[in-house]
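Listed here are the chains, written in short residue letters.
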Amino acid sequence: MGIRVAAADELGPGQRKIVEVDGRRLVLFNIENNYYCIADVCSHDDGPLGDGNCEGFQIECPRHGAKFDVRDGSVLSFPAIRDIPSYPVSVVSGSVEVEITDVT
Ligand code: FES
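Residues numbered from 1 in each chain as written. Predicted model: local features only at pLDDT ≥ 70, side-chain atom pairs only at ≥ 80, totals over all residues.

J.: When you look at the overall build of the chain in this model, what are you seeing that I'm missing?
T.: Scanning the chain for helices and strands turns up zero helices and 10 strands. Each helix (α) and strand (β) of the chain, taken in turn from the N terminus, gives the series β-β-β-β-β-β-β-β-β-β. In terms of principal-axis extent, the alpha carbons of the chain reach across some 40 × 30 × 15 Å. Within the chain, the proportion of its 104 residues that are buried is 30%. (Helix = DSSP H or I, 4+ residues; strand = E, 2+ residues; numbered from the N terminus. Buried ≥ 20, exposed ≤ 12 C-beta atoms within 10 Å, placed from the backbone.)

The structure is reproduced here in structure tokens:
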């Protein structure tokens, strides 16, 4: 079941929001009216990924410049070598919901 992280009209295209769900910091993006959610923690050295520049679907870690694809968390450039978690997002009854899929 999804967890509500924003109202459906809260973020315009190009906007983002840092949210905390179950003690995890996530960053929610609206890119061209589609929502994406990834961890707000860089896999290189725990940098605050959500504070980085985002161009197209690429976000750049503000700490050392690693790039990731916001659509699936895949790593695109050094110095990071590991993907970061991404989470399915859906819009349900006016709410943006994120599904936490890696609960152990
Ligand atoms: S912490 Fe993100 S690139 Fe180093």
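J.: Where do I start with the sheet that holds strand β2 (residues 16–21) in this structure?
T.: The strands making up a sheet are joined through hydrogen bonds of the backbone, oriented either antiparallel or parallel. Read across the open sheet, the four strands follow the order β2-β3-β4-β8; overall the sheet is antiparallel. Since the sheet does not close on itself, it has two edges, and those belong to β2 and β8 (86–87), each with one partner. Relative to strand β3 (residues 24–31), β2 runs antiparallel, the two being bridged by six bridges. Within β3, the residue paired with Val21 across the bridge is Arg24. (Pairing = 2+ DSSP bridges.)

J.: I would appreciate a short explanation of the sheet that holds strand β1 (residues 3–7) in the present structure.
T.: Across the sheet, three strands lie side by side as β1-β10-β9; this open sheet has antiparallel pairing. Only two strands of the sheet have a single partner each, and these edge strands are β1 and β9 (89–92). Neighbour-to-neighbour, the strand axes of this sheet turn through a mean angle of 35°, independent of strand direction. For β1 and strand β10 (residues 95–98), the ladder comprises four bridges, and the chain directions are antiparallel. Bridge pairing links Ala7 to Ser95 in β10. (Axes fitted to C-alpha atoms, helices over the stretch in contact; angles between N-to-C directions.)

J.: Can you help me understand the nonpolar core in this one?
T.: For soluble globular proteins, the rule of thumb is that nonpolar side chains tend to be buried together. Grouped together as the largest cluster of nonpolar side chains are 23 residues, with contacts concentrated most on Leu26, Leu28, Cys37, Ile38 and Phe68. Looking at this core, the elements with two or more residues in it are β1, β3, β4 (34–39) and β10. Once you skip the residues sitting within four places of it in the chain, Ile38 turns out to touch Leu26, Val27, Phe68, Val70, Gly73, Ile84, Pro85 and Ser86. (Core = buried A, V, L, I, M, F, W, Y, C linked by C-beta atoms within 7 Å. Contact = placed C-beta atoms within 7 Å.)

J.: Explain the environment of Leu28 to me, please; I cannot follow it from the model alone.
T.: Counting through the fold element by element, Leu28 comes out in strand β3. For Leu28, a count of 25 C-beta atoms within 10 Å puts it in the buried group. C-alpha separation for the pair Leu28 and Ile18, spaced 10 residues apart in sequence, amounts to 6.3 Å. Once residues lying within four places of it in the same chain are set aside, the contact partners of Leu28 are Val5, Ala6, Leu11, Arg16, Lys17, Val19, Tyr35, Cys37 and Val96.

J.: I keep staring at the pairing of β3 and nothing clicks. Help me out?
T.: Consecutive side chains of a regular strand alternate in pointing toward one face of the sheet and then the other. If you look at the hairpin formed by β2 and β3, you'll find two residues sitting between the two strands, and Asp22 has a positive phi there, around 55°. Note: β3 against β4, six bridges, orientation antiparallel. Across the sheet, the residue bridging to Leu28 is Cys37, located in β4. Counting the residues in the hairpin turn of β3 and β4 gives two residues, including Glu32, whose phi is positive at 55°.

Everything listed is a geometric property; what it means functionally is a separate question.
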